[in-house]
Amino acid sequence: IGTSVTNTIVSVGQIGNKDEYRRAFAGATVHDCFNILTVLVLLPVEATTGLLRHLAAALVAAFGITDDQEKGTKVDFLKVITKPVTSRLVQVDKKL
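Presented here is a report on the structure given in the accompanying data block. (Residues numbered from 1 in each chain as written. Predicted model: local features only at pLDDT ≥ 70, side-chain atom pairs only at ≥ 80, totals over all residues. Heavy atoms only, no water.)

1. Things to note about the overall build of the protein chain
Stage number 1. Broken down by element type, the protein chain carries five helices and zero strands.
Stage number 2. The order of α-helices and β-strands along the protein chain, N terminus first, is α-α-α-α-α.
Stage number 3. Across the 96 residues in the protein chain, those meeting the buried criterion constitute 9%.
Stage number 4. In the protein chain, once contacts between residues fewer than 6 apart in sequence are set aside, the share between residues at least 24 apart is 29%.
Stage number 5. As presented, the protein chain carries roughly 8200 Å² of accessible surface, and 67% of it is formed by carbon and sulfur atoms. (Helix = DSSP H or I, 4+ residues; strand = E, 2+ residues; numbered from the N terminus. Buried < 20%, exposed > 50% of the residue type's maximum accessible area, 1.4 Å probe, protein only. Contact = heavy atoms within 4.5 Å. Areas by Shrake-Rupley, 256 points an atom, 1.4 Å probe, with all protein chains shown as cover.)

Given below as structure tokens:
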């Protein structure tokens, strides 16, 4: 929801050019509508079912992230997620 205020402020920065301002403000409005609709859909779903909590727990379990990693060091989530894929796709040919 905080980005709704930010994108409106940024669109005001385009006020010097009428056409750019109209496009920027229209984009900010679409972004605001998306944010509000997302909250209206996901907040009740999470409050009643806990779906997002369960999905997050499943992702943490699938990628093998433990509590020890969180307390001691930072976890590079992007590396944890992409490493299995990149290790299969990118292989070094030692013959070269």
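2. Overview of helix α5 (residues 77-89)
Stage number 1. End to end, α5 covers 19 Å across 13 residues, agreeing with the expected 18 Å (1.5 Å per residue, within 8%).
Stage number 2. Of all bends in α5, the biggest is about 45°, found at Lys83, and the proline Pro84 comes one to four residues later. (Expected span 1.5 Å × (residues − 1). Bend = angle between axes of the 7 residues up to and from the residue.)

3. Observations concerning the side chain of Asp32
Stage number 1. Along the polypeptide, Asp32 turns up in helix α2 (residues 18-49).
Stage number 2. Among buried charged residues, Asp32 stands out as having no salt bridge; its nearest opposite-charge side chain is Arg22, 17 Å away.
Stage number 3. For Asp32, the side chain forms a polar contact with the side chain of Ser4, separated by 3.2 Å. (Lys, Arg positive; Asp, Glu negative; His and termini not counted. Salt bridge = Lys/Arg side-chain N within 4 Å of Asp/Glu carboxyl O. Polar contact = N/O pair within 3.5 Å; in protein donor to acceptor, adjacent residues only side chain to side chain.)

4. So, the packing of helix α1 (residues 2-12) against α2
When two helices pack together, their arrangement is given by the angle between the helix axes and by the axis-to-axis distance.
Stage number 1. Relative to each other, α1 and α2 sit at 175°, their axes nearing to 8 Å. The angle between α1 and α2 places the two elements in the roughly antiparallel class. For the pair formed by α1 and α2, the contact residues are Thr3, Ser4, Asn7, Thr8, Ser11 and Val12 on the first element and Tyr21, Ala24, Phe25, Ala28, His31, Asp32 and Asn35 on the second.
Stage number 2. Across the contact of α1 with α2, the residue classes break down as five nonpolar, seven polar and one charged. (Axes fitted to C-alpha atoms, helices over the stretch in contact; angles between N-to-C directions. Parallel < 35°, antiparallel > 145°, perpendicular 65-115°, else oblique. Nonpolar A, V, L, I, M, F, W, Y, C, P; charged D, E, K, R; others polar.)

Don't take any of this as a statement about function, it's just geometry.
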